[in-house]
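Analysis of the macromolecular model
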Amino acid sequence: MRKAIVTYARSLFDRGFVVGSAGNISVKVEDGTFLSTPTGSSFGSLTEEEISHFDQSGTLLGGKPPTKEIFFHLACYEVHPGIRAVVHLHSTYSTLLASVQGLGDGMPIRPFTPYFVMKVGAVGVLPYRKPGDHRIADDVREKRDYDTLLMANHGLIVCGSSLKDAVEAAEEFEETAKLWYLGEKLAIRYLDESEIEELRP
């Protein structure tokens, strides 16, 4: 699983979904412990040996210290017992969307592609908090009905049944946010309610 984290992290970095040391990934392993990208690490130069290994209480078991935002990752696993991975990105268009005033829970982008509905679905919106603010974990708990979350003026959190699913959903969100921005002044044909309902699992 360490190799998978490194591979997906490098792929996200190489394609511009993250810059610098922004963003983090975590995975729940079979024994109930967790792996994550380390604090202050770049997705572009991460090694398997650096991957953080820690338990539910955050106690370090191996590797470098985990991302400083691990507290909200652990909150995600708490409220969604079936998930196996959490991906948090500051990707360009998702962060731009997260900075729009007046966003509410549900569909922050009116659906116009089937893939957003199928891979992302409903989205919860968290209030603005200073990065590292531990109240973000409580915000996640309050939005337990959503496994995709926009953090106001900050970025995106995606919970997935696997690392692959979480990364692909984050990528789909970012691409849809990009299309939303590029097509803002176009006469878009949006999906109607019956088309949306047909796509839901």
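The structure under discussion appears in the preceding block.
Described below are features of the structure shown in this document. The structure presented is a predicted model; accordingly, all values stated were derived computationally and were not measured.

Digging into the packing of helix H1 (residues 2-14) against helix H6 (residues 163-182)
As a packed pair, H1 and H6 sit with axes 11 Å apart at the nearest point and diverge in direction by 10°. Classed by the angle they form, the pair H1 and H6 counts as roughly parallel. Every residue of H6 that contacts H1 at Ala 4, Ile 5, Tyr 8 and Leu 12 is listed here: Leu 163, Lys 164, Val 167 and Glu 171. For the contact of H1 with H6, the per-class residue count stands at six nonpolar, no polar and two charged.

Structural notes on the sheet that holds strand E7 (residues 148-151)
Here we have eight strands laid out as an open sheet, ordered E4-E3-E2-E1-E5-E8-E7-E6, and mixed in their pairing. Each edge of the open sheet carries a strand with a single partner, namely strand E4 (60-62) and strand E6 (124-126). Between one strand and the next, the sheet's axes are offset by a mean angle of 25°, whatever the strand orientation. In this sheet, strand E8 (residues 155-160) lies alongside strand E5 (residues 85-89) in antiparallel orientation, the contact comprising five bridges. Bridging from a neighbouring strand, Leu 89 pairs with Leu 156 of E8. Running over the sheet, H1 touches strand E1 (24-28), strand E2 (34-36), strand E3 (52-54) and E5 and is turned about 155° from E1.

Considering unusual backbone geometry
Positive phi, normally seen in glycine, also occurs at Asn 153, with a value near 60°. Relative to the helices and strands, Asn 153 resides in the loop between E7 and E8. We classify Asn 153 as partly exposed; its relative accessible area is 47%.

Considering the packing of helix H2 (residues 70-79) against helix H5 (residues 135-142)
It is the contact of H2 with H5, at a shortest axis distance of 8 Å, that shows an interaxial angle of 20°. One element, H2, and the other, H5, form an angle in the roughly parallel class. As for the relative orientation of H2 and H5, their crossing is right-handed in sense. Of H5, the residues touching H2 (which contributes Phe 71, Phe 72, Ala 75, Cys 76, Glu 78 and Val 79) are Ile 136, Ala 137, Val 140 and Arg 141. Here the contact of H2 with H5 is built from residues that sort into eight nonpolar, no polar and two charged.

Describing the nonpolar core
Membership of the largest hydrophobic core comes to 33 residues, with the highest contact counts inside it found for Ile 5, Ile 25, Val 87, Leu 89, Leu 163 and Phe 173. Of all the elements, H6 adds the most residues to this core, at seven residues. What Leu 89 contacts, discounting residues up to four positions off in sequence, is Leu 12, Phe 17, Val 18, Gly 23, Phe 43, Gly 155, Leu 156 and Ala 170. Within the second largest apolar cluster, 21 residues are counted, among which are Phe 34, Ile 70, Leu 74 and Val 140.

Calculation notes
Residues numbered from 1 in each chain as written. Predicted model: local features only at pLDDT ≥ 70, side-chain atom pairs only at ≥ 80, totals over all residues. Heavy atoms only, no water. Axes fitted to C-alpha atoms, helices over the stretch in contact; angles between N-to-C directions. Helix = DSSP H or I, 4+ residues; strand = E, 2+ residues; numbered from the N terminus. Parallel < 35°, antiparallel > 145°, perpendicular 65-115°, else oblique. Contact = heavy atoms within 4.5 Å. Nonpolar A, V, L, I, M, F, W, Y, C, P; charged D, E, K, R; others polar. Pairing = 2+ DSSP bridges. Buried < 20%, exposed > 50% of the residue type's maximum accessible area, 1.4 Å probe, protein only. Left-handed = near helix turned anticlockwise from the far one by under 90°. Core = buried A, V, L, I, M, F, W, Y, C linked by side-chain atoms within 4.5 Å.

The analysis is restricted to geometry; functional conclusions fall outside its scope.
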